[in-house]
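So you can see what is in the structure, the chains are spelled out below.
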Amino acid sequence: MSKKNVAVIPGDGIGPEVIGATLKVLEKVAPNTFEFHEVAMGGNAIDKYGEPLPAESLKICQNAEATLLGAVGGPKWDNQPPEKRPERGLLGVRSGLEVFANIRPAKIFAPLASACPLRKDIAEKGIDFIIVRELTGGIYFGKHEAFKTPEGERAARDVMEYSEHEIRRIAHVAFKMAMGRRKIVTSIDKANILTSSRLWREIVEEVAKEYPEVKLNHLYVDNASMQLIRVPSEFDVIVTENTFGDILSDEASQIIGSIGMIPSASLGEGNRGFYEPIHGSAPDIAGQNKANPIGTILCGAMMLRYSFNMNAEADKIENAVDEVLKAGLRTPDIYTEGTKLITGSQMRDEIISRL
Ligand code: NAD
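Quick caveat: nothing in here was measured; it's all calculated off a predicted structure.

K.L.:
Can you help me understand the overall build of the protein chain in this one?
P.N.:
Along the protein chain, the regular secondary structure elements total 12 helices and 14 strands. Radius of gyration (C-alpha) of the protein chain: 21 Å, near the 20 Å computed for a compact globule of 355 residues. With respect to the three principal axes, the spread of C-alpha positions in the protein chain is 60 × 50 × 45 Å. Here the protein chain holds 355 residues, and 52% of them are scored as buried. For the protein chain, long-range pairs separated by at least 24 residues make up 76% of all intrachain contacts whose partners lie at least 6 apart in sequence. With the model as given, the accessible surface of the protein chain reaches about 16400 Å², and the carbon-plus-sulfur share is 51%. A distance of 2 Å separates the average location of the 42 positive side-chain charges in the protein chain from that of its 49 negative side-chain charges.

If you want it as structure tokens, here you go:
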């Protein structure tokens, strides 16, 4: 059988450290299954090729079934002109892969419950939901305009626009995900005010009819931002448009506590996926063996689940992470008194030994 083709972007700062750990975990959980193609992107590509995303790198990602990224950027490239900044490469990969659905899990690992800033009785009910955010439409991609009013005053507008197919395809992603979970979808909009939200709600309701087992709730975004911290245990799959999702997913990452622990996936048509932890290149700890590799390792698990349908192997990785945390082993970012401090590479090895 031919191997599965995965593009790998180690990136800058701690990127190569957390990616190195993840590739070792994937090789252990599914030996000889993947062919990894390492590509240059970000600051390292600027240094080597004079641009953040060489055409060849993008081509390799486009030809792969999945792309795995560590992180890019760092102070060395902060003064580059905008088109030569590492982040430009990131946007280039996302749009070149045509990914339209961003998936961010928000799950509290029981041993890390103390990192949750919410009240103990709220956190103890368990937090395990997914935000499915539309990634290529809405106000970020609508018409942006600065103009002068007839009275000569400066004014500006940004247009929020969604078409039916954009809403339909993201709704399907959410309902399919809910089918493999607790079967509850909460669609978040502002349908009491926005016309685009009323269309959103109409289409989500149409799609819901194809998933009769899934319960659909609607919430206005302002109420949703409150309910996420009041009763987070009641959410299973949240689906929402680009801007609302941007804000709510950052709120969700704070509920969970540590930035080094959270993976994300961006999915396109078919099984194509782009997987990256939510953290950056952490130049302050790069090269010191302090980086927590768990966020990226969990990206590997998401890749197995969403791009390759390898759910059993994904479960194994998630369980191994759980066990390491239960054993009280902690990298510096999640260390608390009474637990055992270990390095990033020790964390990698402890996870591998439990697979
Ligand atoms: P950051 O996420 O890199 O770091 C914020 C803080 O969290 C730092 O103190 C860092 O040490 C810590 N941290 C992050 N990941 C960690 C991990 N895995 N283990 C332990 N600690 C971790 O954010 P920043 O400092 O704002 O940005 C640094 C650089 O990363 C910038 O150049 C920024 O542009 C870039 N960045 C890249 C991405 C990406 O590649 N997707 C995302 C965000 C920021």
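K.L.:
Can you walk me through helix α12 (residues 344–353) in this structure?
P.N.:
Helical geometry note: an α-helix holds 3.6 residues per turn, so side chains three or four residues apart project in the same direction. Regarding α12, the residues found buried are G344, M347, R348, I351 and I352. Seen from one end, α12 has its buried residues packed into an arc of 135 degrees, which puts them on one side. Residues of α12 that are buried in the fold lie against α1 (15–29), α10 (294–306), α11 (311–326) and β13 (329–330).

K.L.:
How should I be thinking about empty space enclosed by the protein in this particular structure?
P.N.:
By rolling a water-sized probe across the atoms, one finds the places where empty space is left. Within this structure, the stated rule accounts for three cavities of 30 Å³ or more. A volume near 50 Å³ is recorded for the largest cavity. Considering only residue class, the lining of the largest cavity consists of six nonpolar, two polar and one charged. Estimated volume of the second largest cavity: approximately 50 Å³. For the lining of the second largest cavity, the secondary-structure elements that each account for two or more residues are β8 (184–189) and α7 (195–208). Element by element, the count of residues in the lining of the second largest cavity is highest for α7, at three residues.

K.L.:
Before we go on, may I ask you to explain the layout of surface pockets in this structure?
P.N.:
In this structure, the largest pocket occupies an estimated 940 Å³ of space. What lines the largest pocket is a set of 34 residues, among which I130, M177, M302, R305 and Y306 lie closest to the centre. Contributing elements (two or more residues each) for the lining of the largest pocket: β4 (101–107), β5 (128–134), α6 (164–179), β11 (263–267), α10 and α11. Looking at which element gives the most residues to the lining of the largest pocket, the answer is α6, with five residues. Of the residues contributing to the lining of the largest pocket, the split by class is 17 nonpolar, eight polar and nine charged. In this structure, the second largest pocket occupies an estimated 760 Å³ of space. Lining the second largest pocket are 33 residues, with L90, R94, R104, R133 and E276 sitting closest to its centre. Mapped by element, the contributors of at least two residues to the lining of the second largest pocket are β3 (66–71), α4 (86–96), β4, α9 (242–256), β11 and β12 (273–277). A per-class count over the lining of the second largest pocket returns 12 nonpolar, 14 polar and seven charged.

K.L.:
Hey, could you run me through the site of the ligand in this one?
P.N.:
Taken together, 20 residues are adjacent to the ligand, and V72, E87, G280, A282 and N292 come closest. The separation between an oxygen atom of the ligand and a polar side-chain atom of E87 is 2.6 Å. Interatomic distance of 3.0 Å between a backbone N/O atom of S281 and an oxygen atom of the ligand. For the ligand, the accessible surface in isolation is 810 Å², of which the surrounding protein chains cover 69%. Residues of the shell around the ligand, tallied by class, amount to nine nonpolar, seven polar and four charged.

K.L.:
Would you explain the nonpolar core in this entry?
P.N.:
Nonpolar side chains tend to gather and get buried jointly when the protein is soluble and globular. Among the nonpolar cores identified, the biggest contains 87 residues, and I103, V132 and Y275 are the most heavily contacted of them. At nine residues, the largest contribution of residues to this core is made by α10. Apart from residues no more than four positions distant in its own chain, V132 is found in contact with N102, I103, I170, V173, A174, M177, V237, I238, V239 and T240. Core analysis: the next-biggest nonpolar cluster, separate from the first, contains 16 residues, L53, C61, L90 and V99 among them.

K.L.:
I keep staring at the sheet that holds β8 and nothing clicks. Help me out?
P.N.:
Hydrogen bonds along the backbone pair up the strands of a sheet, which may run parallel or antiparallel. Strand order in the open sheet formed by 10 strands is β2-β1-β3-β12-β11-β4-β5-β10-β8-β9, with mixed pairing between adjacent strands. Each edge of the sheet is formed by a strand with only one pairing partner; in this case those strands are β2 (34–38) and β9 (215–220). On average, each strand axis in the sheet is inclined to that of its neighbour by 20 degrees, with strand direction left out of account. As paired strands, β3 and β12 are joined by three bridges and run parallel to one another. Each residue of the ladder has a partner; that of T67, found in β12, is F274. Against the sheet, helix α3 (residues 55–63) touches β1 (4–11), β2 and β3, its axis set at about 140 degrees to β1. Sheet strands in contact with α10 are β1, β2, β3, β4, β5, β11 and β12, and its direction is about 35 degrees off that of β11.

Conventions used here
- Residues numbered from 1 in each chain as written.
- Predicted model: local features only at pLDDT ≥ 70, side-chain atom pairs only at ≥ 80, totals over all residues.
- Heavy atoms only, no water.
- Helix = DSSP H or I, 4+ residues; strand = E, 2+ residues; numbered from the N terminus.
- Rg over C-alpha atoms; globule rule 2.2 N^0.38 Å.
- Buried < 20%, exposed > 50% of the residue type's maximum accessible area, 1.4 Å probe, protein only.
- Contact = heavy atoms within 4.5 Å.
- Areas by Shrake-Rupley, 256 points an atom, 1.4 Å probe, with all protein chains shown as cover.
- Lys, Arg positive; Asp, Glu negative; His and termini not counted.
- Charge placed at Lys NZ, Arg CZ, Asp CG, Glu CD.
- Arc of directions from axis to C-beta.
- 1 Å grid on protein atoms, 1.4 Å probe; cavity = no way out; pocket = protein on both sides within 12 Å on 5 of 7 lines; lining within 4 Å.
- Points joined across faces, edges and corners; volume = space filled by probe spheres on them.
- Nonpolar A, V, L, I, M, F, W, Y, C, P; charged D, E, K, R; others polar.
- Near = heavy atom within 4 Å.
- Polar contact = N/O pair within 3.5 Å; in protein donor to acceptor, adjacent residues only side chain to side chain.
- Core = buried A, V, L, I, M, F, W, Y, C linked by side-chain atoms within 4.5 Å.
- Pairing = 2+ DSSP bridges.
- Axes fitted to C-alpha atoms, helices over the stretch in contact; angles between N-to-C directions.

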